[in-house]
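# A look at the structure
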Amino acid sequence: MSLKSKVTGLILAGGRGTRMGRVDKGLQPFRGATLVEHVMRRLAPQAATVVINANRNLPQYQAVAGEAPVLPDYLDGFEGPLAGLQIGLQYCPTELLLTAPCDSPFLPEDLAERLYAAMQAQDADVALAVTMESEAGAEPHRQPHPVFALLKASLLPQLDAYLDTGARRMESWFKSLRVAEVMFDDADAFRNINTLAELQQHERAPAPVAIRAADPGALPVAEAQRIICERVTPVAATERLALRDALDRVLAEDIISPINVPAYDNSAMDGYALRGADLPPAGAPDATFKVIGIAYAGRPCAQAPQAGECIRIMTGAAMPPGCDSVLPQELAAHIGDDTVTIRHGAIRTGANRRFAGEDLKAGGVALARGKIIRPADLGLVASLGIGEVAVRRKLRVAFFSTGDELRSLGQPLDDGCVYDSNRYTLFGMLTRLGCDVIDMGIVRDDPAALEAALLDACANADAIITSGGVSEGAADYTRDILGRIGDVAFWKLAMRPGRPLAFGQVRSEADSAWLFGLPGNPVAVMVSFYMFARPALLRMMGTQATQQAMQARTTEAIRKRPGRTEYQRGIVSTSADGAPQVRLTGAQGSGILSSMTEANCIVVLHEAQADIAAGEMVEVLLFDGLI
Ligand code: AMP
Ligand code: MG
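Residues numbered from 1 in each chain as written. Chains lettered and ligands numbered in written order. Predicted model: local features only at pLDDT ≥ 70, side-chain atom pairs only at ≥ 80, totals over all residues. Heavy atoms only, no water.

## Concerning the overall build of the protein chain
When you go through the protein chain residue by residue, the secondary structure sums to 15 helices and 35 strands. Taken over C-alpha atoms, the radius of gyration comes to 32 Å for the protein chain, far larger than the 25 Å a tight globule of 627 residues would show. Per-residue burial over the protein chain gives 48% buried out of 627 residues. The contacts of the protein chain with a sequence gap of at least 6 include a subset with a gap of at least 24, amounting to 71%. Here the protein chain contributes 60 positive and 73 negative side-chain charges, whose respective centroids are spaced 2 Å apart. (Helix = DSSP H or I, 4+ residues; strand = E, 2+ residues; numbered from the N terminus. Rg over C-alpha atoms; globule rule 2.2 N^0.38 Å. Buried < 20%, exposed > 50% of the residue type's maximum accessible area, 1.4 Å probe, protein only. Contact = heavy atoms within 4.5 Å. Lys, Arg positive; Asp, Glu negative; His and termini not counted. Charge placed at Lys NZ, Arg CZ, Asp CG, Glu CD.)

Here it is in structure tokens:
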């Protein structure tokens with residue numbers, strides 16, 4: 001039985017459309033049709049029938065639904081998507097219901113197929129779509145799309161019971177079910193259109209290219225990243241180190257502040273400490289204060305000024321008793337031998353006073369575990385008087401190159417041979433990450449040698465990185481070996497460069513190690529390392545990957561095939577108007593390492609993107625951060 005015959009489609013069009021000024025959203029014109037017609041066109045090929053849930057303008061919706069019914073909510077009063085889902089499940093004649101909102105004209109053509117695969121694989125009741133969202137300046141995060149879901153029709157009694165409690169939120173209901181999440185690479189496909197302004201904006205934008213995988217069966221980058229990161233786990237062992245030795249290491253426990261920082265109220269300026277109540281009121285003449293003492297940093301003054309008195313104070317000195325304000329010396333109207341004159345309005349009560357604990361409160365978390373210790377963190381820990389910290393042990397990563405054509409530095413370069421450069425880039429990238437590296441040299445294209453190298457690496461390392469020998473054809477015997485000594489999948493990824501990748505676990509007796517089999521081409525090695533190995537290794541180190549992603553205007557047109565993620569080498573600079581701009585570094589072949597050394601960033605062209613015109617914004621990942 002085909003999947004299509006098991007699925008009933010449900011378009012959710014029963015909302016009030018509040019954010020569109022209460023117009024009926026699904027009926028808004030868009031690119032020569034209504035929004036709901038676009039959704040119908042995308043869902044129809046994926047389901048036996050597609051019904052519409054609507055509460056107004058039923059005849060118009062009926063015209064779109066054709067033979068299939070238009071179903072108003074069973075509950076009264078526009079109770080939201082769950083009410084639509086309830087009537088959909090009540091109607092559903094097939095075993096599965098696929099939902100989509102009426103304002104998502106770009107929904108994926110393989111939605112049902114991919115949700116169903118995950119539902120089967122994970123034995124779930126519901127499968128829903130998830131995308132990675134990255135807003136400018138923020139960390140990319142997983143965004144679930146609960147209204148793009150495939151549900152078992154048998155869930156109706158559970159939904160009825162949930163709605164009886166008065167609850168109405170889809171996310172909360174899903175929490176009580178077995179849910180499979182499916183990562184889609186193209187966040188735009190789930191973008192719904194909430195306001196008329198957004199509608200007009202999309203209307204003007206170029207028509208989206210129908211997203212057909214450039215290479216059917218290829219795994220989207222985001223999905224591979226998710227699978228890898230979900231499988232690996234942080235190393236458990238920790239060690240205590242003197243503070244300075246902990247630089248660039250991963251903190252293994254929260255640092256709790258034992259004291260307030262600063263420990264006492266103190267002055268932010270050189271000047272005069274006084275009681276704010278004594279400052280001259282509006283309309284009063286200047287007030288002259290008698291200086292009765294002096295407070296230095298590290299040498300507090302115990303005197304308490306009375307009306308008309310003050311204390312000369314230095315930056316960082318403790319506030320004298322009763323004082324709450326500091327007049328900076330440069331704001332004094334006149335400074336006499338032991339007096340200072342203050343004009344009305346020169347400062348307000350409370351000025352220039354730093355409070356005890358305003359940097360860090362005693363008992364609070366000063367640094368959270370999982371943080372990579374940077375120079376500022378060393379200073380912060382020192383400010384607490386702490387001289388030792390617990391960090392995770394370093395990750396041990398073994399790496400080797402494969403290929404009969406490879407020669408090591410110092411050897412003559414025979415005909416048809418190349419120097420092994422990958423071990424040098426890998427050494428650099430791994431060392432920068434803070435791993436202990438084990439360089440295992442070059443391994444010939446020979447099954448026995450490969451097996452021996454893998455077993456050796458497995459006994460000594462947490463992770464193994466290889467380059468070369470994973471592309472189709474080349475990998476046949478590699479597959480055999482890895483099938484025998486481990487559980488390694490060979491992936492074909494929807495990306496360029498770096499299409500082949502092997503990932504999994506290698507085992508020998510009591511030992512095991514995660515294997516990242518990277519492609520052989522020098523640029524592909526680096527790109528696959530950054531995209532797949534780096535986030536996984538960081539997770540194994542006990543921390544999370546952060547990426548310096550930003551948007552820049554491209555100075556040139558870029559050719560791009562939709563359906564795969566492409567990584568190009570670029571140079572970011574500042575344009576004449578002060579905005580970031582990026583140009584590509586010439587030839588982009590995956591063997592051209594000079595394109596990598598000239599570059600200061602990778603330009604990421606996402607799966608759904610097609611050719612890019614000069615002047616458009618693109619995402620770039622900077623190679624170097626400041627810290
Ligand atoms: P493979 O994936 O083994 O088919 O290798 C693809 C291409 O990358 C071939 O041109 C190899 O010569 C090249 N290559 C593989 N490994 C290395 C390496 N360690 N250093 C430089 N080039 C390499
Ligand atoms: Mg090779």
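There is more to say, and it comes next.
## Comments concerning the pattern of salt bridges
If you walk through the whole model with that rule in mind, you get 26 salt bridges. The residue K394 makes a salt bridge to D436 at a minimum N-O spacing of 3.9 Å. Taken together, the positions of K394 in the loop between β21 (388–392) and β22 (396–402) and D436 in strand β25 (residues 436–443) put the pair 42 residues apart, joining distant regions of the chain. Residue K394 is classed as partly exposed on the basis of its relative accessible area, which comes to 30%. (Salt bridge = Lys/Arg side-chain N within 4 Å of Asp/Glu carboxyl O.)

## Digging into the domain arrangement of the protein chain
Taken domain by domain, the protein chain comprises domain 1 (3–209), domain 2 (239–261 + 359–392), domain 3 (266–354), domain 4 (396–540) and domain 5 (549–622). Distance between the C-alpha centres of domain 3 and domain 5: 57 Å. (Domains from an automatic or database assignment.)

## Structural notes on unusual backbone geometry
Here the residue pair V261 and P262 is connected by a cis peptide bond, since its omega of -10 degrees sits within 30 degrees of zero. Within the secondary structure layout, P262 lies in the loop between β11 (255–256) and β12 (266–267). A cis geometry characterises the amide bond from R496 onward to P497, with omega recorded as -5 degrees. Looking at the secondary structure, you find P497 in the loop between β28 (495–496) and β29 (500–508). With a phi angle near 70 degrees, D248 is a residue other than glycine that sits in the positive phi range. Relative to the elements of secondary structure, D248 occurs in the loop between β10 (238–242) and β11. Taking relative accessible area as the criterion, D248 reaches 42% and is therefore assigned partly exposed.

## Observations regarding the environment of G468
Within the secondary structure layout, G468 lies in the loop between β26 (463–467) and α13 (476–485). For G468, a relative accessible area of 10% gives the class buried. In sequence terms G468 and P519 are 51 residues apart; their C-alpha atoms lie 4.7 Å from each other. Apart from the residues lying within four places of it in its own chain, the contact partners of G468 are T402, L518, P519 and G520.

## Here's the deal with the site of ligand 1
Within the structure, ligand 1 sits among 14 residues, and E405, D420, S421, N422 and G469 are positioned closest to it. At a separation of 2.8 Å, an oxygen atom of ligand 1 approaches a polar backbone atom of G469. One of the backbone N or O atoms of G520 is found 3.2 Å from an oxygen atom in ligand 1. Its residues assigned to classes, the shell around ligand 1 comprises 3 nonpolar, 9 polar and 2 charged. (Near = heavy atom within 4 Å. Polar contact = N/O pair within 3.5 Å; in protein donor to acceptor, adjacent residues only side chain to side chain. Nonpolar A, V, L, I, M, F, W, Y, C, P; charged D, E, K, R; others polar.)

## Points about the sheet that holds β26
Strands sit in the order β25-β22-β26-β30-β29-β27 across an open sheet of 6 strands; the sheet is mixed. Lying at the two open borders of the sheet, with one neighbouring strand each, are β25 and β27 (486–492). Taking the axes of each pair of neighbouring strands and ignoring which way they run, one obtains an average angle of 15 degrees across the sheet. For β29 and strand β30 (residues 511–518), the ladder comprises 7 bridges, and the chain directions are antiparallel. Paired with F503 across the strands is F516, a residue of β30. Each of β22, β25, β26, β29 and β30 touches helix α12 (residues 447–460); the most contacted strand, β25, lies at about 175 degrees to it. Contacts between helix α14 (residues 522–541) and the sheet are confined to β22, β26, β29 and β30, with β30 contributing the most and set at about 155 degrees to the helix. (Pairing = 2+ DSSP bridges. Axes fitted to C-alpha atoms, helices over the stretch in contact; angles between N-to-C directions.)

## Considerations on the packing of aromatic side chains
Summed over all chains, the structure comprises 9 aromatic pairs. With centroids separated by 6.2 Å and ring planes inclined at 65 degrees, the aromatic side chains of F30 and F106 adopt a geometry described as edge-to-face. Residue F30 is located in strand β2 (residues 29–30), and its partner F106 is located in the loop between β6 (96–101) and α5 (111–121); the two are separated by 76 residues in the primary sequence. We note that F30, like F106, is buried. Taken together, the ring pairs in this structure connect W491, F503, W514 and F516 into an aromatic cluster. Above the ring of F184, the side-chain terminus of R114 is found at 4.3 Å from the ring centroid. A cation over an aromatic ring shows up here: R479 above the ring of F490, its NZ or CZ 4.5 Å from the ring centre. (Phe/Tyr/Trp six-rings, centres within 6.5 Å; stacked < 30°, edge-to-face > 60°. Lys NZ or Arg CZ within 6 Å of the ring centre and 35° of its normal.)

## A look at the pairing of strand β18 (residues 339–342)
Bridging between strand β14 (residues 287–295) and β18 involves 4 bridges; their strand directions are antiparallel. The residue of β18 that forms the bridge with F289 is V340. Pairing geometry for strand β17 (residues 334–335) and β18, over 2 bridges, is antiparallel. Paired with H334 across the two strands is T341, which belongs to β18. In textbook terms, the turn of a hairpin is the stretch between consecutive antiparallel strands, and for β17 and β18 this stretch comprises 3 residues.

## What to know about the nonpolar core
Formed by 44 residues in total, the largest nonpolar core has its most connected members in I465, F516, F529, F532 and L537. For this core, the secondary structure elements donating two or more residues are α9 (221–231), β22, α11 (422–433), β26, β29, β30, α14 and β34 (601–605). Examining the composition of this core, we find that 13 residues originate from one element, α14, more than from any other. When residues of this core are sorted by domain, at least three fall in each of domain 4 (396–540) and domain 5 (549–622). The contact partners of F529, leaving out residues within four places of it in the chain, are L426, M429, L430, L433, I465, L518, R534, P535 and L537. (Core = buried A, V, L, I, M, F, W, Y, C linked by side-chain atoms within 4.5 Å.)

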